[in-house]
Amino acid sequence: MEGQFDFLNWIDHDVSLKILMCLDDPSDLVRVGAVSRSWRNFVVGNGLCKELCLLMSPQLSGVDHVIDHSKKPDDIGSSNAVEWEILKKEHRAYAFLARGFKSFTVRDIICNVICASSTDNFPEEGIRHTLEARERIGRTASYWSSKGQKDPAVPEMLTYKLTGDLCAISEISIKPFKAYFQWGQPIYSAKAVRFRMGHRKPELLESVDEASHNPADDRFVWTYTSEEFPMSQESTLQKFKLPEGVLCIGGVLRIELLGRVQRQEMDGLFYICVSHVQILGQSLSPSFNVEILEDSGKFALKAQSYGQPGLPEDDPGVQSLYRRVRDLEHILDLLRDHQDGVHEFEYDVEEESDEEYFVI
């Protein structure tokens, strides 16, 4: 048709890049690539979807290469053809990853506990109880407690495994524990909190026992460390919002509890106790995974599939089942620890019925 022209062929290359990089939605870039073959070549050849992902999360600069398991490799001849196939593979992976940042569901993405730096009475005050939102299970308080310290500056650490090896973290919530069974109902919070994200060292990928109290940094590689956030001495779910685009690369998140504020009256020692932890974000697995490249400090981005991940954990029935399993684990822990007798906490509040938690 007369009078039409392709502006990409008329204006400077760098100006074209600046114009198209004003599009901050990956769907728009995909539509641009569908206009014509020349436009697709421009979008793919200049890695615009990759650049968009780097703007969303600068941590993706650590990607060494992309592995696409969703597509069988083609038989390719010339080096130019090989390079073009790599660019197409990266375009597809980064386009879907950018869409994942925009569309994947934000939810609690804790998969399991790894370890705590210390535990006062294991297992009844173990880190696993921080997965439970309720303050009590039946007649028993549910919380993690550190060992007591004379020095209030001694920190504590809680380390968790997330639901995927690649997760975008938006917010972390922590609820300090109020000891309602002690005089004055003291709240054992920390002064401040800081977060680290990363992965286990490749040679140390075996599971860590929850009872382990040696969460040394030489077992982990941290790819992100947050600022320090002040914590209030309040028994509420305190929310700590992270900057946009923070990625946990490797699926391990550590909470560092810095400074102690509450001394226990009976022994004069300082403790930190946490009732509940919640990590909100988007698990980009199973669509994406990572392979840590030990020698370079970088990682390979593995595209497993290009479908919206299923979220069975959001189903109310599955949530109810998870809660019952945690209840049973809690009861088994108590039976192991109190074979010689049963110790109950005193209440200054109305007792809850056990029936509501164990109705099948």
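Here goes a summary of the coordinates provided. (Residues numbered from 1 in each chain as written. Predicted model: local features only at pLDDT ≥ 70, side-chain atom pairs only at ≥ 80, totals over all residues. Heavy atoms only, no water.)

What follows covers the overall build of the protein chain. Within the protein chain one finds seven helices and 19 strands. Out of the 360 residues in the protein chain, the part that is buried amounts to 45%. In the protein chain, the share of contacts with a sequence separation of at least 24, taken over all contacts with a separation of at least 6, comes to 79%. On the protein chain, roughly 18800 Å² of surface is accessible, and the fraction owed to carbon and sulfur atoms is 51%. (Helix = DSSP H or I, 4+ residues; strand = E, 2+ residues; numbered from the N terminus. Buried < 20%, exposed > 50% of the residue type's maximum accessible area, 1.4 Å probe, protein only. Contact = heavy atoms within 4.5 Å. Areas by Shrake-Rupley, 256 points an atom, 1.4 Å probe, with all protein chains shown as cover.)

A word on the pairing of strand β17 (residues 273–283). With 10 of 11 residues buried, β17 is to be regarded as a mostly interior element. Relative to β17, strand β6 (residues 144–145) runs antiparallel, the two being bridged by two bridges. Across the sheet, the residue bridging to W144 is V274, located in β17. Summarising the sheet, strand β8 (residues 166–176) and β17 pair through nine bridges and their orientation is antiparallel. Across the sheet, C167 pairs through a bridge with S283, a residue of β17. (Pairing = 2+ DSSP bridges.)

Before going further, it helps to examine unusual backbone geometry. Leaving glycine out, the prevailing phi sign among residues is negative, and the prevailing peptide bond configuration is trans. Look at the link from F122 to P123: it is a cis peptide, with omega at 10°. Among the structural elements, P123 can be located in the loop between β3 (110–116) and β4 (136–137). Cis peptide bonds are those with omega within 30 degrees of zero, and the linkage from S285 to P286 qualifies with 5°. Looking at where P286 falls in the secondary structure, it is placed in the loop between β17 and β18 (288–293).

Next up on the list: the sheet that holds β18. Picture the strands of a sheet paired through backbone hydrogen bonds; they go either parallel or antiparallel. Read from one edge to the other, the open sheet built from three strands follows the order β1-β19-β18, with strand pairing classed as mixed. With partners counted over all chains shown, the strands left at the sheet margins are β1 (63–68) and β18, one partner each. Strand after strand, the sheet turns through a mean of 25° between neighbouring axes, direction not considered. Two strands pair when backbone bridges link them, and β18 and strand β19 (residues 298–303) are joined in this way by six bridges, in the antiparallel orientation. The partner of I292 across the bridge, within β19, is F299. On top of the sheet, helix α5 (residues 79–103) reaches β1, β18 and β19; it is set at about 95° to β1, its chief contact. (Axes fitted to C-alpha atoms, helices over the stretch in contact; angles between N-to-C directions.)

Along the chain, H65 turns up in strand β1. For the pair H65 and L301, spaced 236 residues apart in sequence, the C-alpha separation works out to 6.4 Å. In contact with H65, other than residues within four places in its own chain, are L293, F299, A300 and L301. One polar contact links H65 to D64, side chain to side chain, over a distance of 2.7 Å. (Polar contact = N/O pair within 3.5 Å; in protein donor to acceptor, adjacent residues only side chain to side chain.)

Positionally, Q262 belongs in strand β15 (residues 262–263). One polar contact links Q262 to Q233, side chain to side chain, over a distance of 3.0 Å. For Q262, the contacting residues outside a window of four places in its chain are P186, I187, Y188, Q233, L269, F270 and Y271.

Interpretation note: all reported values are geometric properties and have no functional meaning in isolation.
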